[in-house]
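Survey of secondary and tertiary structure
Spelled out from the first residue to the last, the chains are:
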Amino acid sequence: MKKSRFATVIVAAAVVGAGFAGYGTAQFANPAYAEAVRLEAPVAAPGFADVVDAVSPAVVSVRVRSRIDNVSDRSPRGFDYRGSPFEDLPESHPFRRFFDREFGGREFGGRDFENRRFGERQPERPRRARPVSQGSGFFISGDGFIVTNNHVIENGEEFTVIMNDGTELDAELIGADPRTDLAVLKVDDDRDFTYVTFGDDNATRVGDWVVAVGNPFGLGGTVTAGIVSARGRDIGAGPYDDFLQIDAAVNRGNSGGPTFNLAGEVVGVNTAIFSPSGGNVGIAFAVPASVASDVVAELMEDGDVERGWLGVRIQPVTDEIAESLGLADASGAIVADPEEGAPADRAGIRAGDVITAVNGDAIDGPRDLSRAIAGFDPGTEVTITIQRNGDSRDLAVELGELPSLQSFADAGPGTTPDTVEPSSMDDLGLTVVPADDGEGVLITSVEPDSPAFQSGIRPGDIIREVNNQPVASAADIEQRVAEIAERGRAAALLRLEGEDASRFVAVPLPRG
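Being a predicted model, the structure only gives us computed values, none of them experimental.

**Let's talk about the packing of aromatic side chains**
By convention here, two paired aromatic rings are described through the distance between centres and the angle between planes. Inspection of the entire model under this criterion finds four aromatic pairs. For the ring pair Phe138 and Phe198, a centre distance of 6.1 Å and an interplane angle of 80° mean the geometry is edge-to-face. One end of the pair, Phe138, is in strand β2 (residues 128-139); the other, Phe198, is in the loop between β6 (182-186) and β7 (209-214), and 60 residues separate them in sequence. A cation sits over an aromatic face here: Arg458 above Phe453, 3.9 Å from the ring centre.

**Some words on the pattern of salt bridges**
Applying the stated rule across the entire model yields 11 salt bridges. With a shortest N-O distance of 3.0 Å, Asp189 and Arg191 are connected by a salt bridge. Taking the relative accessible area as the measure of exposure, Asp189 reaches 31% and is therefore partly exposed. Under the relative-accessibility criterion, Arg191 is labelled partly exposed at 35%. Two residues, Arg464 and Glu497, come together in a salt bridge whose shortest N-O distance is 3.2 Å.

**So, a negative patch on the surface**
The grouping of Glu301, Asp302, Asp304, Glu306, Asp377 and Glu401 at the surface amounts to a negative patch. Considering the arrangement of structural elements, one finds Glu401 in strand β20 (residues 400-401). On the basis of relative accessible area, Glu401 is assigned to the partly exposed category, the value being 45%.

**Thoughts on the nonpolar core**
Judged by nonpolar contacts, the single largest core of 29 residues is most densely connected at Phe138, Ile140, Val196, Phe198, Phe260, Val269 and Val287. Breaking this core down by element, the ones donating at least two residues are α2 (49-55), β3 (145-148), β6, β7, β11 (266-273), β12 (284-288) and α7 (289-302). Among the elements that line this core, the one with the most residues is α7, at six residues. Leave out the neighbours within four places in its chain, and Ile140 touches Phe145, Val147, Tyr195, Val196, Thr197, Phe198, Val296 and Met300. Ranked by size, the runner-up nonpolar core spans 22 residues in total, among them Leu428, Val466, Val505 and Leu509.

**With respect to the UniProt feature "binding site: substrate" (unreviewed entry) in the chain**
Here, the residues flagged by UniProt with the feature "binding site: substrate" (unreviewed entry) are His151, Asp181, Gly253, Asn254 and Ser255. For Gly253, the location among the structural elements is in the loop between β9 (243-246) and β10 (258-260). Gly253 gets classed as buried once you look at its relative accessible area, which sits at 11%. Each residue touching Gly253, except ones within four places of it in the same chain, is listed here: Gln134, Gly135, Ser136, Asn215, Pro216 and Phe217. Locating Asn254 in the fold gives a position in the loop between β9 and β10. When residues no more than four places from it in sequence are discounted, the contact partners of Asn254 are Ser136, Val213, Gly214, Asn215, Pro216, Ala249 and Asn270.

**Re the sheet that holds strand β8 (residues 222-233)**
Here we have six strands rolled up into a closed barrel, ordered β7-β8-β9-β12-β11-β10, and antiparallel in their pairing. Each neighbouring strand pair of the sheet contributes to a mean axis angle of 45°, computed without reference to strand direction. Judged from the two bridges that link them, β7 and β10 form a sheet pairing that is antiparallel. In the sheet register, Val211 faces β10, and the bridge partner there is Phe260.

**Regarding helix α12 (residues 474-486)**
Across its 13 residues, α12 extends 18 Å between first and last C-alpha, which sits within 8% of the 18 Å expected from 1.5 Å per residue. Of all the positions in α12, only Ala474, Ile477, Arg480, Val481 and Ile484 are classed as buried. In a view along the axis of α12, the buried residues occupy a sector of 125°, so they form one face of it. One or two steps after α12, the chain reaches Gly488, where phi turns positive at roughly 85°.

**Section: α7**
Under the 1.5 Å per step criterion, the end-to-end length of α7 is 19 Å for 14 residues, consistent within 8% with the ideal 20 Å. Along α7, the residues classified as buried are Ala289, Val291, Ala292, Val295, Val296 and Leu299. Taken down its axis, α7 places every buried residue within 145° of arc, on the same side. Exposed and oriented more than 90 degrees from the buried face of α7 are Asp294, Glu301 and Asp302. Next to the buried residues of α7 lie β3, β5 (168-177), β6, β11 and β12.

**Section: the confidence of the model for the chain**
The predicted model of the chain averages 78 in pLDDT, with 74% of residues at 70 or higher. Contacts from residues 104-122, a stretch scored under 50 in pLDDT, to residues over four places away or in other chains number 37 contacts. Across residues 405-421, where pLDDT falls below 50, the model places 29 contacts with residues more than four positions away in sequence or in other chains.

**Some words on the environment of Ala374**
Looking at where Ala374 falls in the secondary structure, it is placed in helix α10 (residues 366-374). The buried category is assigned to Ala374, whose relative accessible area is 14%. Considering only alpha carbons, one finds Ala374 and Tyr240, 134 residues apart in sequence, at a separation of 8.7 Å. Excluding its chain neighbours within four sequence positions, the residues that come into contact with Ala374 are Tyr240, Arg307 and Gly308.

Conventions adopted
Residues numbered from 1 in each chain as written. Predicted model: local features only at pLDDT ≥ 70, side-chain atom pairs only at ≥ 80, totals over all residues. Heavy atoms only, no water. Phe/Tyr/Trp six-rings, centres within 6.5 Å; stacked < 30°, edge-to-face > 60°. Helix = DSSP H or I, 4+ residues; strand = E, 2+ residues; numbered from the N terminus. Lys NZ or Arg CZ within 6 Å of the ring centre and 35° of its normal. Salt bridge = Lys/Arg side-chain N within 4 Å of Asp/Glu carboxyl O. Buried < 20%, exposed > 50% of the residue type's maximum accessible area, 1.4 Å probe, protein only. Patch = residues over 30% accessible without salt bridge, like charges linked within 9 Å, V, L, I, M, F, W, Y side chains within 5 Å. Areas by Shrake-Rupley, 256 points an atom, 1.4 Å probe, with all protein chains shown as cover. Lys, Arg positive; Asp, Glu negative; His and termini not counted. Charge placed at Lys NZ, Arg CZ, Asp CG, Glu CD. Core = buried A, V, L, I, M, F, W, Y, C linked by side-chain atoms within 4.5 Å. Contact = heavy atoms within 4.5 Å. UniProt positions renumbered as here; feature names shortened; annotations may be inferred. Pairing = 2+ DSSP bridges. Axes fitted to C-alpha atoms, helices over the stretch in contact; angles between N-to-C directions. Expected span 1.5 Å × (residues − 1). Arc of directions from axis to C-beta. pLDDT = per-residue confidence, 0-100.

Structure follows, in structure tokens:
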């Protein structure tokens, strides 16, 4: 009986469950729900043989040699061998032959030898060119212009390109641009070279197939395939980072080689890999064709690249900085420090201004601003839109030329006057004294776990301004903070100077 009753319960539960299951199915079949994503599967995976056959003759290996001084010419020995056992070596001894060669065949113990020391410079011998690097490249024109990476040819004096059929040709350096890591070589030869062209990388989507061709580890022409993994990558290589990320196998020696789409167009120039081991892990970066095409055209024409220059040190507008300034959103680039006498300084741009547009085109962040300004020729007048003290205004700026080597004078921290008593600001967790130059206050200590400490403020920093207003004492800071709190803002914007130059930090205000 117990078994029969148990079976009855199970059957009843199954019937009830079936009823609920039917009810649930009817609900999920309701047309009000959106349909799941569904695509037609491709009939077959794409092949790359046609692309490879067409483009391979345009891809080359690049071998670079550098002049190296003789060790005897550059390494002072500074040791006098007179009276040493080497002086009595037999003529047949290899060390004797070595010293005779070093001293031009002079006799040991003779007058010439006595007046000669190893530290004296020997007659200059011809320097030999030795290989220092190798990479990849590709013909971008039928008359012999070749694109590669700057880091491949850097410090080189002799350049050789090896074509797909093994032909070796000498090349000369036309120009290089370290900021985008691109360079152009030229082969002088009467033949018409097979060449490729840049495509429109803006039409390249994440997930598109790409083919990388190059010279990994000096093996010669090697083909790998993959997809575009991401766009617009910033890898910290420079202010113009906008890399394509691909997962095609790229290794050492592929640098400077092309990444093709399936139409045989160059959509990127392979430049860097991410790898803990130094080998391929499926993360490679290529300079996009939209950047490379403009740079290469200038290098082919002039041998260098001229860029517009604004002359400001900038940083991102974080949510905290936007809140402290009363901005609608965290976009644009805040000016931490305009360089004295630079175009921005002459136009009236100040520290604390937020640049939001250039010629009416919105600026999302510092990288956008750097690329936008670099896209103009020196001497061009542009309109810079800024936010200052809650107001928007337009400033006309005539751009200068970006120097090849830009240097900034970093302001160092001040010193603490012995006669001044430090002032504590408990709400912010700071202890300060007036800076010895009379402009700002020097931070002498920061309370651990305080709002200031968590915002990255450290002893030795100098507070120059609070919400774009100059301060010279703890009382000035407290007054500015009180004014900010009365406006209902949650953070105060501090302009600091330290060993890393000028920067802005938003410090949360205490509640209550």
